[in-house]
Every structure is written in structure tokens, then in C-alpha cells.
Amino acid sequence: MLFPARLFPTPVDVAVQIWEHLTEGKLLADLAKTLTRAFIAFFVAMTLGTAIGIACGRSRVVDRLFSTWVVIGLNLPAIVVAIMLYIWLGLTEFALILAVVLNKLPLVIVTIREGVRSFSAEYDELARAYRLSFWRRFIYVGTPQLTPFILAAARTGLSLIWKIVLVFEVLGSDGGVGFRISTFFQFFDIKGVLSYSTAFIAIVFIFEYLILRPLERRILRWREER
Amino acid sequence: MGPQLDIEIEGKRFDVLAPLLADFSLTVAPSSVLALVGPSGVGKSTLLRMIGGIDTVFRGRVLVDGVSAAAAPPPGFVFQDPRLLPWLTALDNVRIVREATTREAAAAMLRRVGLAGYENAYPHQLSGGMQRRVAIARAFSVNSSLLLLDEPFVSLDRSLVQEIEGVLTGLLDATQPTTVLVTHLPEDAAMLADRAVVLAGRPAHIVADFKFESRRGARSRAELEHITNQIAAASLERA
């Protein structure tokens with residue numbers, strides 16, 4: 001047989017498997033664990049990265065201070081960071097999340113820094129002419145210009161984080177989607193791998209179409225109406 | 001009553017070439033409308049930014065009623081382009097420049113420039129002329145006694161210019177700010193100004209200074225033509 005059922009299960013088989021993992025297995029608990037890790041890492045990386053990115057965009061000194069580390073961070077293989085942190089901090093939740101944050105952070109910094117650098121000099125002049133306060137400039141002039149870059153960083157960041165979290169869970173954790181997939185792999189359980197992957201992709205779709213896109217449409221409605 | 005402007009520039013340069021302004025001196029009477037006329041690059045807009053307190057890198061002093069321009073209250077500033085923030089509606093573009101401006105006051109200002117019903121329109125939904133009107137409404141909304149206009153009619157067709165000049169004349173008569181209008185077109189100066197100063201050369205210097213007896217906004221076509229020709233002749237002679 002060209003496609004043995006054990007290696008290439010049908011969509012129906014995968015759907016049945018998902019149902020079994022949902023009702024009798026640990027699919028929900030694993031999803032919850034992975035999503036919690038991903039969201040904590042995402043939140044920390046976005047907050048820190050945005051703050052550092054703004055500072056780098058506004059100050060040459062700060063940019064020089066971080067630029068070398070950013071280049072290293074962008075090019076260092078994710079797995080190396082995870083292994084080093086697991087060795088130094090042990091196979092802990094903290095080490096896993098920190099490893100994800102360190103992998104994601106440079107990308108956020110670079111995106112936000114470029115966003116700040118692209119700020120319009122004309123709007124800056126307008127703000128100076130009318131003596132706008134720091135907060136009014138930040139809220140009404142700076143933030144709207146930065147928003148597309150924050151959204152871009154969020155979207156690319158989330159996609160990166162999903163992947164990294166799973167890899168790090170394979171490398172060393174006590175549960176989660178990645179951990180479970182690695183267990184299935186040891187038994188060559190392709191149905192298990194596909195059922196978990198499909199469930200995870202479904203979550204990603206829900207997040208993309210029910211949260212991220214409506215949010216983006218709302219925030220950037222002034223652009224959409226063009 | 002608008003403030004008096006006292007301008008004394010010892011030196012202003014952007015590069016190692018000849019300074020843009022040197023030993024330049026000019027006084028503008030309170031509540032008058034001064035037109036700065038001259039070719040592109042002569043330093044008109046730079047001078048306007050110095051009066052507005054935006055450009056502070058020069059030797060000399062620019063005083064607004066005795067106070068340094070940078071420390072003076074914010075002027076109403078109309079730039080060469082409308083410079084509206086595209087993510088804000090027309091109403092919010094007017095409100096943003098002054099915290100105390102209420103929605104009602106901003107809407108009233110938009111009505112005064114003929115934009116009733118466009119409060120919630122975004123800049124890209126407005127025509128070029130309407131965007132300029134929002135910029136004028138924004139400039140007047142700060143209740144400033146100093147109004148700075150940097151080529152406010154550039155790239156507009158003449159019929160639209162006349163329309164906007166009509167709006168401006170009405171607002172100037174009502175609020176009486178000290179106004180500096182930068183333009184390279186003598187027609188605009190003839191229409192709006194009480195006095196026109198023609199600049200030329202590098203460093204820029206005053207080559208002609210006209211004070212007009214007749215009231216702006218009430219000048220006949222013949223008077224406008226006469227003033228326009230006077231200013232144009234002074235500019236050409238120098239060129």
C-alpha cells in the first residue's frame with residue numbers, strides 16, 4: 001500500500017482522535033499549559049521590547065548600547081538559548097518562559113525601533129508649534145504612528161512564540177502540547193501528533209480571526225476607510 | 001489685541017555657506033497683518049519658525065510682546081500643507097492642539113470655516129480645500145493673539161484660494177491677531193496684508209517695505225492690482 005493508514009491517517013481518524021483526547025485525554029490541560037506559557041512570554045516580550053525599541057529609536061546612546069545584543073539575539077539559534085537556560089536554571093517553568101522571551105525580544109525591539117525612526121518630522125513640528133505636552137504627543141501623535149508596528153510585532157511575535165514554546169516543551173517540560181507531541185513521536189503515533197497539531201492550529205485560527213483581526217480593524221479603522 | 005513682534009537676528013545658518021539671515025531686524029505692529037514676500041529659499045519659512053518658537057538655533061532674539069518666542073504662548077500656525085493627523089477626525093484635529101477646547105467649541109470653529117456637518121470626517125475624506133479650512137480652524141481654536149501662516153494657499157487653484165482668503169479675512173477681522181503671512185505670491189499679500197516686506201539675497205535682507213493705507217478685505221480690484229504690481233516690481237527689480 002502506497003499510503004499506510006498508520007503513517008497517513010484519514011481526516012476522520014484524526015477528528016475521532018481529537019475527540020478522544022478531549023474527552024478522555026489531556027488535550028485541554030496541555031493546551032492550557034502551552035497557551036499560558038505562550039501568553040506570558042508574549043506579554044513580557046511585547047512590553048519590554050516596545051519600551052526598549054522606543055528608547056533605541058529616540059536615543060543613539062541607548063541604540064548603541066543594545067544594538068550588538070539585538071544582532072546577537074536575532075541570530076542566535078533559539079535552541080541554544082533554551083539549552084543554556086535549562087542548564088543554568090534547571091528544567092523550570094521560569095527557564096522555559098525566559099528562553100521564549102529572549103528569543104522573541106530582539107525582533108520586537110527592531111520592529112518598534114524602526115517604527116519610531118519612521119515618525120513624521122512634520123507631525124513633530126506641529127506638536128512643537130502648538131506646545132503639546134509630553135503626554136498629548138505620546139497619546140495623539142506618537143502612539144498612532146507606532147500602532148501598525150506594534151501590531152506587526154505582535155503578529156510575527158505570536159507566530160514565532162507558538163513555534164518556540166512547542167520546541168522548548170519538547171526539549172524539557174512536564175506537559176503542554178510540545179511535550180505530548182514528543183511522547184507521541186516516541187511511539188510513532190502520527191494520529192496523536194496530527195490530532196494535537198490540528199487542535200493547536202484551531203486555537204491559533206480562533207485567536208487570529210476572533211481577536212487579532214477585529215482588534216486590528218478597530219484600531220486602524222481610519223486607514224481601512226481610505 | 002495682538003502682540004508686538006521684535007525680531008533681531010544676528011545670524012542664522014544651516015551649513016558652512018553664507019548665513020541665511022544676518023543682522024536682520026524687523027518690528028511688527030500689534031494686530032497688524034505682515035506679509036513676508038520673496039523667492040523660495042530666501043528664508044521666509046525659517047523666519048516664521050523662529051517667530052513661532054520652533055526654530056531656536058540662531059544668534060539674536062525674537063520677542064513676542066517682550067517674551068522670547070519659545071516661551072511665548074503657542075501661536076496659531078498654518079503650515080504649507082494642511083498637516084492634519086490622519087487618525088483623528090476633523091473635530092479632534094481641532095481639539096488636539098489645546099486641552100481646554102471643548103467639542104462644542106471645536107464644532108463651532110469648524111462651522112465658522114464652513115465645515116458644519118464634517119466634524120466626524122477623517123482628513124482623507126475631505127478635499128484639499130476642506131483640509132486647509134480644518135487647519136485654519138485649528139490655528140484659530142488656540143485663541144492665540146499671534147497667527148503664523150506659511151504659504152497657506154500653495155498648490156490650491158485660485159478660485160479655492162479666494163474662497164479660503166474670504167474665510168481668513170473674516171476671522172482676522174473678528175479676532176485681530178498679529179499675523180505674519182509668508183508667501184511668494186504678491187496677490188496673496190495684496191489681499192490679506194496691511195504691510196508687505198520683500199526679502200531677497202543671501203543673507204536675506206529687506207529690499208522693499210510697503211505699508212498700505214487702505215483696509216484689507218475692502219480693497220477694490222484696481223487697488224489690489226496696484227499693490228500686487230508694486231510688490232512684484234520690487235521683487236523683480238531685485239532679482
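For the structure itself, consult the block above.
The model shown is predicted, which means the values in this text are computed figures rather than measured ones.

A. Structural detail: the overall build of chain B. What chain B contains, in helices and strands, is seven helices and 10 strands. Taking 239 residues into account, the globule formula puts the C-alpha radius of gyration at 18 Å, and chain B, at 18 Å, falls close to it. Counted over contacts in chain B with a minimum sequence separation of 6, partners at least 24 positions apart contribute 71%.

B. The arrangement of the interface of chain B and chain A in detail. Chain B puts 13 residues into the contact, and the matching count from chain A is 14 residues. Its residues assigned to classes, the side of chain B that touches chain A shows 10 nonpolar, two polar and one charged.

C. Region of interest: the sheet that holds strand E1 (residues 5-12) of chain B. Residues and elements named next belong to chain B. Sheet architecture is open: four strands sit in the order E2-E1-E4-E5, paired in antiparallel fashion. For this open sheet the edge positions go to strand E2 (21-28) and strand E5 (67-68), each flanked by a neighbour on one side alone. Where E1 lies against E2, seven bridges are found, and the strand directions are antiparallel. Bridging across to E2, Asp 6 finds its partner in Thr 27. Relative to E1, helix H1 (residues 44-51) is tilted by about 120°, and along the sheet it contacts E1, E2 and strand E4 (59-64).

D. Summary view of the packing of helix H1 (residues 11-23) of chain A against helix H9 (residues 190-219) of chain A. All names here are of chain A. Where H1 meets H9, the closest approach of the two axes is 9 Å, and the angle between their N-to-C directions is 75°. On the basis of their axis angle, the class for H1 and H9 is roughly perpendicular. Side by side, H1 and H9 meet where Asp 13, Val 14, Gln 17, Ile 18 and His 21 of the first sit next to Lys 191, Gly 192, Leu 194, Ser 195, Thr 198 and Ala 199 of the second.

E. Focus on the sheet that holds strand E7 (residues 146-150) of chain B. Residues and elements named next belong to chain B. If you trace the six strands from one edge of the open sheet to the other, you get E6-E7-E8-E3-E9-E10, paired in mixed fashion. Strand pairing shows two members of the sheet lacking a second neighbour, strand E6 (76-78) and strand E10 (205-211), which therefore form its edges. Neighbour-to-neighbour, the strand axes of the sheet open up by a mean angle of 15°, direction not taken into account. Bridging between strand E3 (residues 33-37) and strand E9 (residues 195-200) involves four bridges; their strand directions are parallel. From the neighbouring strand, Val 37 faces E9, where its bridge partner is Val 198. Across the sheet, H1 touches E3, E7, strand E8 (178-183) and E9, and the angle it forms with E8 is around 155°.

F. Quick look at the pairing of E8 of chain B. Residues and elements named next belong to chain B. Along E8, six of the six residues are buried, which leaves the element largely enclosed by surrounding structure. The alternating pattern of E8 places Thr 178, Val 180 and Val 182 and Thr 179, Leu 181 and Thr 183 on opposite faces, both of which are buried. Pairing analysis gives five bridges linking E3 to E8, with the strands arranged parallel. Its bridge partner lying in E8, Val 37 is registered against Thr 183. Sheet topology note: the E7/E8 ladder contains five bridges and is parallel. Residue pairing for E8: Asp 150 is matched across the bridge by Val 182. The parallel pair E7 and E8 is bridged by helix H5 (residues 158-175), and the resulting crossover is right-handed.

G. Spotlight on the environment of Ser 118 of chain A. Residues and elements named next belong to chain A. On the secondary structure map, Ser 118 appears in the loop between helix H5 (93-117) and helix H6 (121-129). Residue Ser 118 is classed as exposed on the basis of its 12 C-beta neighbours within 10 Å. Ser 118 sits 103 residues away from Ala 15 along the chain, and the two C-alpha atoms are 47 Å apart.

H. The arrangement of the nonpolar core in detail. In this structure, Ile 51, Leu 110 and Leu 181 of chain B are the most contacted members of the largest nonpolar core, which totals 81 residues. With seven residues, helix H4 (residues 128-141) of chain B is the single largest residue contributor to this core. Here this core spans two domains, since at least three of its residues come from each of domain 1 (1-75 + 146-161 + 176-239) and domain 2 (84-143) of chain B. Not counting residues up to four positions away in its chain, the partners in contact with Ile 51 of chain B are Leu 5, Ile 7, Val 62, Ala 69, Leu 148 and Val 180 of chain B. Cys 56, Ala 82, Ile 112 and Ile 150 of chain A belong to the second-largest nonpolar core, a separate cluster that totals 38 residues.

Quick notes on the rules
Residues numbered from 1 in each chain as written. Chains lettered and ligands numbered in written order. Predicted model: local features only at pLDDT ≥ 70, side-chain atom pairs only at ≥ 80, totals over all residues. Helix = DSSP H or I, 4+ residues; strand = E, 2+ residues; numbered from the N terminus. Rg over C-alpha atoms; globule rule 2.2 N^0.38 Å. Contact = placed C-beta atoms within 7 Å. Nonpolar A, V, L, I, M, F, W, Y, C, P; charged D, E, K, R; others polar. Pairing = 2+ DSSP bridges. Axes fitted to C-alpha atoms, helices over the stretch in contact; angles between N-to-C directions. Parallel < 35°, antiparallel > 145°, perpendicular 65-115°, else oblique. Buried ≥ 20, exposed ≤ 12 C-beta atoms within 10 Å, placed from the backbone. Right-handed = clockwise from strand over helix to strand, strands pointing away. Core = buried A, V, L, I, M, F, W, Y, C linked by C-beta atoms within 7 Å. Domains from an automatic or database assignment.

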